[in-house]
Every structure is written in structure tokens, then in C-alpha cells.
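This is what each chain is made of:
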Amino acid sequence: MDKETALVVFSGGQDSTTCLFWAKKHFAKVVALTFVYGQKHVVEVDYARAIAEKAGVEWYCQDVSFISALSSGCSLTDTNVPMDESKPQESCPNTFVPGRNLFFLSIAAVFARERGIRHIVTGVSETDYSGYPDCRDAFIKSLNVTLNLAMEDQFILHTPLMWIDKAQTWALSDELGVLDLVRNETVTCYNGIPGDGCGHCPACTLRREGLEEYLKSKK
């Protein structure tokens, strides 16, 4: 694995930044691909570029704004929709962007194929998946098979965070030597506030609780 190149689907948030440095540890070369999809917190793209530069990896940005135009009612792409701050019973929260990971990974596979890359890394997690169906292991495994069939190739989708929670994700970033970078220079917040964020959106809550749990475990 370490002699090959990996493509990281890279938002500039906690999870994808941890995955970026995980990939740097395991692969000879890393390329980062960031998407603009109509997200209100598009400031994350600037942070992704800066982190990629600091990490010394090639960085590309792809505009896929059609994703947000396909559906309505998502609070991450529609300024008129108040954000769910907890997961509704029996349904996805309105922070779910339908098709986002499906499109991201499909486009990433085409991008990778054109560059002779077969390893694709994404920061999805079933442990802390917030009710998003496209973060589950079954989806990733299914899509991996589909991409290979669709393009007659042998892609490998890597999900380093799939079976770990946020506290363990913080532990991994610490192990990789980038805990401070992840804490201070990433944008996980759905309101686009870097670092510890706004403190009350679902992403910030999950991130903060995980950090508090990890820091407590170190004492």
C-alpha cells in the first residue's frame, strides 16, 4: 500500500483531515479532492486548501453544485430551512444532503481513474453517522462493487473511521501528530466557524463531546 497513491475526499473538517494524515502515513503519495456542492459553510473549502498546502499534498476542487439543486429541505444548502439540532425519530435529520456521498465517491472514482489512482479514502463513520444512510459500511461496500463494475477497475474504498467514535477519532489525530491542527484549523461546524465552531449545531456537539471524552481519558 505504501508505494501507491491515495485520493482523499477532503472537506477540511475533523474527519477528512484525520483521514488525510492517515493516508499520508500509509501511502507514498496523497492527493486531496474537495467539493463545492452549494453548502452554506463553503468557507470549509478555503480551510481545506490551506490544510492540504500545509500537509504538502496536491489539492483539487470540483464544483458539483447540482447536488443541492436536486432536492429541497436540506438545512445545509437552503438558508430558509432551520437546522435540526438533534436527530428526529424515524427519519434523517435535515442536515442530510441526499446523494452527497454517492456523488462525491463516484466523481472521485472517475477523477482517480484518470490519474491511475485506485485507492480512495473517505471519512465516513457508522459509529457516529448521525442518521445519514450514506455513511454506513453496507453502502460503502456496495458502492465499491458498483464502481468497480461500472468502470472495469479495481478501486479500494478506505474508511479509517468507520468503526470508531469521535473520541477515538481525536485519539487517532493525536497519534498522527495533528491533534492541534485538527482542533484549531479545521471546519466541522455547519455554520462555518473554524476550530471549536459555534458549539451548538449537531456537528459541533458531536465533535466537542468526543474531544472532552478523549481529553478526560488522557488524565
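Whatever comes next refers back to the structure up there.
Residues numbered from 1 in each chain as written. Predicted model: local features only at pLDDT ≥ 70, side-chain atom pairs only at ≥ 80, totals over all residues. Heavy atoms only, no water.

Quick notes on the nonpolar core
One finds Leu7 and Ile120 to be the most contacted residues of the largest nonpolar core, which totals 37 residues. Only β1 (5–9), β2 (29–36), α4 (100–114), α5 (137–151) and α8 (202–218) provide two or more residues apiece to this core. Sorting elements by how many residues they give to this core places α4 first, with six residues. Non-local contacts of Ile120, meaning those with residues more than four positions away in its chain, are made with Leu7, Val9, Leu105, Ala108, Ala109, Ala112, Phe155, Ile156, Leu157 and His158. In this structure, Cys19, Ala23, Ile164 and Leu211 belong to the second largest nonpolar core, which totals 29 residues. (Core = buried A, V, L, I, M, F, W, Y, C linked by side-chain atoms within 4.5 Å. Buried < 20%, exposed > 50% of the residue type's maximum accessible area, 1.4 Å probe, protein only. Helix = DSSP H or I, 4+ residues; strand = E, 2+ residues; numbered from the N terminus. Contact = heavy atoms within 4.5 Å.)

Side note on unusual backbone geometry
Within the chain, Glu152 stands out as a residue other than glycine whose phi angle is a positive 50°. Tracing the backbone shows Glu152 in the loop between α5 and β5 (156–158). With a relative accessible area of 75%, Glu152 lands in the exposed category.

Looking at the packing of aromatic side chains
Counted by the stated rule, this structure contains six aromatic pairs. Look at Trp22 and Phe27: their rings are 6.2 Å apart centre to centre, the planes differ by 65°, and that puts the pair in the edge-to-face class. Taking the relative accessible area as the measure of exposure, Trp22 reaches 15% and is therefore buried. Centre to centre, the rings of Tyr60 and Phe111 are 5.1 Å apart; their planes meet at 65°, and the pair counts as edge-to-face. (Phe/Tyr/Trp six-rings, centres within 6.5 Å; stacked < 30°, edge-to-face > 60°.)

Digging into the sheet that holds strand β3 (residues 58–63)
In space, the five strands of this open sheet follow the order β3-β2-β1-β4-β5, with parallel pairing throughout. Every interior strand has two partners, whereas the edge strands, β3 and β5, have only one. Averaged over all adjacent pairs, the angle separating strand axes in this sheet is 25°, with direction ignored. Sheet analysis places β1 next to β2, joined by five bridges and oriented parallel. (Pairing = 2+ DSSP bridges. Axes fitted to C-alpha atoms, helices over the stretch in contact; angles between N-to-C directions.)

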